[in-house]
Amino acid sequence: NIYSEQAKYEEALECYRRALDIQLRVFGPNHPDVAGSYNNIGSILANQGNHQEALEYYEAAIFIRLKIFGDTHPDSAASYNNIGNVHSDLGNYEEALKNYAEAIDIQLKYLGLDHPSLAISYNNIGSAFFYQGDFEEALRSYKKALEIQTKLYGKNHPDVAITYSNMADVYAKFGNYQDAIQYYERALAIQQKVFDPTHHAIGVTYKKLGIVKSQMN
């Protein structure tokens, strides 16, 4: 994962492919570690923008996970989320929503109501609704994510900032600029506490604030 964090995608991909080759020879095709490597390769490909190829690897991972664990395991939920993310990136929002719904169903049953993975799923499903233009449903999902995150982390966590910003995006679409500014400023306050002043997220939030304030004039 160090390679991934440094954005050395090609090097990371080569390592994951070597791991997969060994795992297939040692364990055979239906093993959790093999599924994990398919998932890792899919993540790198998705980060590179190779969405179709990423989807193939994510689908290989979930095929194994469903075969081993069924639809009762957090790893299966993670795979559904990953597949949903690729479909969302491709603009296939209905397909994304189906996969996110599968992930949430597993997470609610087996992780409980206040798990960070569930908050991620609610944010994902909110974003799919947002890009579909269903802003009411997007806001509803973002609020569910926020409720979980503030319970788990309090109000000064980067994930909370992301959700505040997502909610602000919705309020801006509604033309509710005062609320949009309020939530962007909440996001910004957290980001300024937890990030270096030159962090990309701070710049993005300032830009969004500027756009909304210009629309009020």
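Residues numbered from 1 in each chain as written. Predicted model: local features only at pLDDT ≥ 70, side-chain atom pairs only at ≥ 80, totals over all residues. Heavy atoms only, no water.

**Some remarks on the layout of surface pockets**
Computed from the structure, the largest pocket encloses a volume of approximately 370 Å³. Only helix H5 (74-89), helix H6 (93-110), helix H7 (116-132) and helix H9 (158-174) provide two or more residues apiece to the lining of the largest pocket. Examining the composition of the lining of the largest pocket, we find that 5 residues originate from one element, H7, more than from any other. When the residues that make up the lining of the largest pocket are grouped by side-chain class, the tally is 5 nonpolar, 6 polar and 2 charged. There is about 300 Å³ of room inside the second largest pocket. Ile162, Ser165, Asn166, Asp169 and Lys208 are, among the 17 residues lining the second largest pocket, the residues nearest its centre. Contributing elements (two or more residues each) for the lining of the second largest pocket: H7, H9 and helix H11 (200-216). (1 Å grid on protein atoms, 1.4 Å probe; cavity = no way out; pocket = protein on both sides within 12 Å on 5 of 7 lines; lining within 4 Å. Points joined across faces, edges and corners; volume = space filled by probe spheres on them. Helix = DSSP H or I, 4+ residues; strand = E, 2+ residues; numbered from the N terminus. Nonpolar A, V, L, I, M, F, W, Y, C, P; charged D, E, K, R; others polar.)

**Thoughts on the packing of H7 against helix H8 (residues 135-153)**
Here H7 crosses H8 at 160°, and the two axes come no closer than 8 Å. The angle between H7 and H8 places the two elements in the roughly antiparallel class. Crossing geometry of H7 relative to H8 is assigned as left-handed. On H8, the residues touching Pro116, Leu118, Ala119, Tyr122, Asn123, Ile125, Gly126, Ser127, Phe129 and Phe130 of H7 are Phe135, Glu137, Ala138, Ser141, Tyr142, Lys144, Ala145, Ile148, Gln149, Leu152 and Tyr153. Tallied by class, residues from the contact of H7 with H8 come to 14 nonpolar, 5 polar and 2 charged. (Axes fitted to C-alpha atoms, helices over the stretch in contact; angles between N-to-C directions. Parallel < 35°, antiparallel > 145°, perpendicular 65-115°, else oblique. Left-handed = near helix turned anticlockwise from the far one by under 90°. Contact = heavy atoms within 4.5 Å.)

**A closer look at the side chain of Asn99**
Tracing the chain through its elements places Asn99 in helix H6. The exposure class of Asn99 is buried, given its relative accessible area of 9%. Within the structure, Asn99 has its side chain in polar contact with the backbone oxygen of Glu95 (distance 2.9 Å). Non-local contacts of Asn99, meaning those with residues more than four positions away in its chain, are made with Tyr80, Ile83, Gly84 and His87. (Buried < 20%, exposed > 50% of the residue type's maximum accessible area, 1.4 Å probe, protein only. Polar contact = N/O pair within 3.5 Å; in protein donor to acceptor, adjacent residues only side chain to side chain.)

**A word on the pattern of salt bridges**
Applying the stated criterion across every chain, the model contains 8 salt bridges. Note that Asp105 and Lys109 form a salt bridge whose closest N and O atoms lie 3.5 Å from each other. Of this pair, Asp105 and Lys109 both sit in helix H6, 4 residues apart, which is roughly one turn of that helix. For Lys109, a relative accessible area of 55% puts it in the exposed group. (Salt bridge = Lys/Arg side-chain N within 4 Å of Asp/Glu carboxyl O.)

**Here's the deal with the packing of aromatic side chains**
Going through the model one piece at a time under the given rule, you end up with 7 aromatic pairs. Centroid distance Tyr38 to Tyr57: 5.9 Å. Interplanar angle 50°. Geometry classified as tilted. Remark: Tyr57 occurs in helix H4 (residues 51-69) and Tyr38 occurs in helix H3 (residues 32-47); sequence separation between them is 19 residues. Overall, the relative accessible area of 18% leaves Tyr38 in the buried class. Its guanidinium or amino end placed over the ring of Tyr183, Arg186 lies 4.6 Å from that ring's centre, counting from NZ or CZ. (Phe/Tyr/Trp six-rings, centres within 6.5 Å; stacked < 30°, edge-to-face > 60°. Lys NZ or Arg CZ within 6 Å of the ring centre and 35° of its normal.)

**Re the environment of Leu90**
Mapping Leu90 onto the fold places it in the loop between H5 and H6. Separated by 41 residues in sequence, Leu90 and Gly49 have C-alpha atoms that sit 9.9 Å apart. Apart from the residues within four sequence positions on either side, Leu90 is in contact with His51 and Gln52.

**Here's the deal with H7**
Along its 17 residues, H7 runs 25 Å from first to last C-alpha, staying within 8% of the 24 Å computed at 1.5 Å per residue. Buried within H7 are the following residues: Leu118, Ala119, Ser121, Tyr122, Asn123, Asn124, Ile125, Gly126, Ala128, Phe129 and Phe130. Positive phi appears at Gly133, one or two residues downstream of H7, with a value of about 90°. (Expected span 1.5 Å × (residues − 1).)

**Let's talk about the nonpolar core**
By size, the foremost hydrophobic cluster in this structure holds 36 residues, and its most contacted members are Tyr122, Ile125, Tyr164, Met167 and Val170. Breaking this core down by element, the ones donating at least two residues are H6, H7, H8, H9, helix H10 (177-194) and H11. Once residues within four sequence positions are removed from consideration, Val170 is found in contact with Phe130, Phe135, Ala138, Leu139 and Tyr142. Core analysis: the second largest hydrophobic core is formed by 24 residues, Tyr16, Ala35, Leu45 and Leu55 among them. (Core = buried A, V, L, I, M, F, W, Y, C linked by side-chain atoms within 4.5 Å.)

Any functional reading would require information that these geometric values do not contain.
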